[in-house]
Amino acid sequence: MSDNLQKPMKWWGWGAEGEAPNFENKPHLWPYITRHLQLKEKPQRKAPPPDLETVTLPPAKQNEKFSAAMARCGLQVFAGKEHRLAHAGGKSFRDLWHARKGKIPCAPDAVLYPQNAEEAAAAVAEAQECDIAIIPFGGGSNIAGCLTPADARGRMVVAADTTKINRLLSLNEKSQIAQMQAGALGGVLEAQLNARGWTFGHFPDSFLHSTLGGWIATRSAGMQSDEYGCIENLTAGATLQTPGGVWNIKHFPRSAAAMNMKELVLGSEGALGIITEAVIKIRPLPARKLFFGYLFSEFASGLEAVRECLQTGAKPLISRLSDHNRTALSFSFREASGGGAIKKAMAAIAKTYIAKSGGIDFSKCCLMIVAFEGSEKECAKKHSAARRIFRKYGGVFAGAGPGESFARGKFDFPHIRDYLWDYGIYADVSETATEWENAENLRLRALAALEESFRARNLRGWCGCHLSHSYRDGASLYFSFAFLRDENGGNLAHYFAIKRAVQDAFAKNGGTLSHHHSVGTDHAPWLENELSPFGIAAMDAIKKSIDPRAIMNPGKLRPLSWERWRADIPLAEE
Ligand SMILES: Cc1cc2nc3c(=O)[nH]c(=O)nc-3n(C[C@H](O)[C@H](O)[C@H](O)COP(=O)(O)OP(=O)(O)OC[C@H]3O[C@@H](n4cnc5c(N)ncnc54)[C@H](O)[C@@H]3O)c2cc1C
């Protein structure tokens, strides 16, 4: 397996150390940003990545008994700065804020790297014995504050990095299932399956830096979910190392054996145990994957097209529909067009043709990226079925260009947040899901809430929305937003106000608090509203029965008051 696939992420941003796409070669990006944020010119690059030497962490607690027990199991306890820093959080706005400031308010006191299920089990058992909190750590890619290493009881906190538990254990071609260790990062998992001609087909945008265990623990959704399903559809069984011992959730194609225990593990956010293995559903590698673009005049007509595709079975592998603003941002990512005068003239002719024949206004259209997989013939058949529906709703074929550029850059886009931060522009996302009936209403209300929060704080902001996961009954809506740094300060408070406004808009207008980013600490204030006090009590009882001393990722899956949420170290109410 290539070491490249196993590289840890930088502690202050996205991607492996030294790896970032070149955003400076996109001649349309800054003109778009400066226009939208009413800037006279591209700002100076202000915030270079922080220096490891100057970053401060709280002092580490120690526990001799725990270290001795780990040594007996052959597990080293790492308490060095680099290890603690790399596991001090995920990639939520708050996590990045602290990392960029170089002042980390809470970090694990130590880090373990178990190599197999037995070592993970020993770590959990000894943590319970020594009354130490333990946090399962996958790729560290979560964006909701799931890894905040704070314990309200003030106990020592240890992060258990699972990424060395990453092997394919067995593959059954007849049943199309594989037994996979859960610390495998996306690339590591796919490489092992692809080598035998198979795929899992789960590709979140964070694919390269997230793990199977993390996907299960956060109820993840990948970009091919319309065809393959989300992680709950792809996970068939799981093994957890819990404080009470090993919990093996068996795999059957279906079962009527009372309540479904697999559902408890999905979305458990490390609060029940360390997932060390999963039985996953796999498919043969497709012969090919083809990407295309379509343009719609309005988001609402694109929505209708996707809905009809989903409800009639004519669904593409991917349907990613962006609204006007999100489309304009995507267009601004195109590189300087090479190829000389003839190529440029051909592109201009194609653009004029699309504008005239399809009635598309390029300054405010909605781009839909679609993909199909299978043999050439299968792709053509699926494309033709979807195209009929797109045309019915005014969709105009924009060729393979936009689709291919999406396919090439799909894992580069997450780097944009770090790049903009360097120039004093703060960006983040919030996402939800709702029924088709309510989708356009919710989109408009959430965007209005974002715009209003910029206005109320006198901020120069930008927001946009795209749809990326669809079902027969509804779809997810993904909101991106950004604002120009307020030089008078108060930027973290600005961020909280904006985040609260959009999440409140979801809660008030029929949207879930998250379609696939989970709860963590960032969405915890909305949890009780969504699950009801009854649901919270049931979840508490399950947690207590599996983890009576609350050592597993303490404070998660708990409601949070606004005061705690806004505090530097959010600690859930006990
Ligand atoms: C730029 C960006 C793009 C993203 N795109 C997507 C996307 O397209 N789709 C999507 O679903 N999400 C996306 N995410 C969110 C994130 O990648 C997912 O939440 C992912 O599933 C987290 O996996 P991880 O391995 O990084 O988990 P971590 O971040 O390490 O942990 C997340 C939570 O899972 C728990 N956990 C991790 N591993 C285990 C384990 N083995 N056993 C028990 N608990 C465990 C942790 O304790 C924690 O509570 C994105 C995030 C970013 C920053």
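As the structure is a computational prediction, the values presented were derived from the model and not from experiment.

*Asks:* What is the right way to look at the overall build of the chain in this model?
*Replies:* Looking only at helices and strands, the chain has 20 helices and 17 strands in total. For the chain, whose C-alpha radius of gyration is 24 Å, the value lies close to the compact-globule estimate of 25 Å for 574 residues. Taken over the C-alpha atoms alone, the chain extends approximately 75 × 65 × 45 Å along its principal axes. Within the span of the chain, comprising 574 residues, buried residues form 57% of the whole. Approximately 24500 Å² of the chain is accessible, and the part contributed by carbon and sulfur atoms is 53%.

*Asks:* Help me understand the site of the ligand, please; the structure alone is not making it clear to me.
*Replies:* The ligand sits among 35 residues. The nearest are P136, S141, S206, T211 and S220. One nitrogen or oxygen atom from the main chain of G139 is found 2.9 Å from an oxygen atom belonging to the ligand. S220 is positioned with one of its side-chain polar atoms (N or O) 2.7 Å from an oxygen atom of the ligand. Protein contacts shield 97% of the accessible area of the ligand, which totals 960 Å² for the unbound molecule. Those elements that provide at least two residues to the shell around the ligand are β2 (133-137), α7 (212-218) and β9 (274-281). Per-element tally for the shell around the ligand: the top contributor is α7, with 5 residues. Of the residues that constitute the shell around the ligand, the class distribution is 13 nonpolar, 19 polar and 3 charged.

*Asks:* Quick question: what am I supposed to make of the side chain of K262 here?
*Replies:* Following the sequence through the fold, K262 ends up in helix α10 (residues 262-265). Here K262 sits buried without a salt bridge, and the closest side chain of opposite charge, E263, lies 5.1 Å off (N-O distance). A polar contact is formed between the side chain of K262 and the backbone oxygen of T235, at a distance of 2.8 Å. If we ignore the near neighbours within four places in the chain, the residues touching K262 are E232, T235, A236 and I249.

*Asks:* In this structure, what is going on with the pairing of strand β15 (residues 425-435)? I would like to understand it.
*Replies:* On any regular strand, side chains alternate: one points to one face of the sheet, the next to the other face. Along β15, 9 of the 11 residues are buried, which leaves the element largely enclosed by surrounding structure. Bridge count between β15 and strand β17 (residues 474-484): 11 bridges; the pairing is antiparallel. Within β17, the position partnered with Y426 by the bridge is F483.

*Asks:* In this structure, what is going on with the confidence of the model for the chain? I would like to understand it.
*Replies:* Any region with low pLDDT has predicted coordinates that should not be read closely. Taken over all residues, the pLDDT of the chain has a mean of 94, while the share at 70 or more is 96%. For this predicted complex, the interface score ipTM comes out at 1.00, while the overall pTM is 0.97.

Criteria and cut-off values
Residues numbered from 1 in each chain as written. Predicted model: local features only at pLDDT ≥ 70, side-chain atom pairs only at ≥ 80, totals over all residues. Heavy atoms only, no water. Helix = DSSP H or I, 4+ residues; strand = E, 2+ residues; numbered from the N terminus. Rg over C-alpha atoms; globule rule 2.2 N^0.38 Å. Buried < 20%, exposed > 50% of the residue type's maximum accessible area, 1.4 Å probe, protein only. Areas by Shrake-Rupley, 256 points an atom, 1.4 Å probe, with all protein chains shown as cover. Near = heavy atom within 4 Å. Polar contact = N/O pair within 3.5 Å; in protein donor to acceptor, adjacent residues only side chain to side chain. Nonpolar A, V, L, I, M, F, W, Y, C, P; charged D, E, K, R; others polar. Lys, Arg positive; Asp, Glu negative; His and termini not counted. Salt bridge = Lys/Arg side-chain N within 4 Å of Asp/Glu carboxyl O. Contact = heavy atoms within 4.5 Å. Pairing = 2+ DSSP bridges. pLDDT = per-residue confidence, 0-100.

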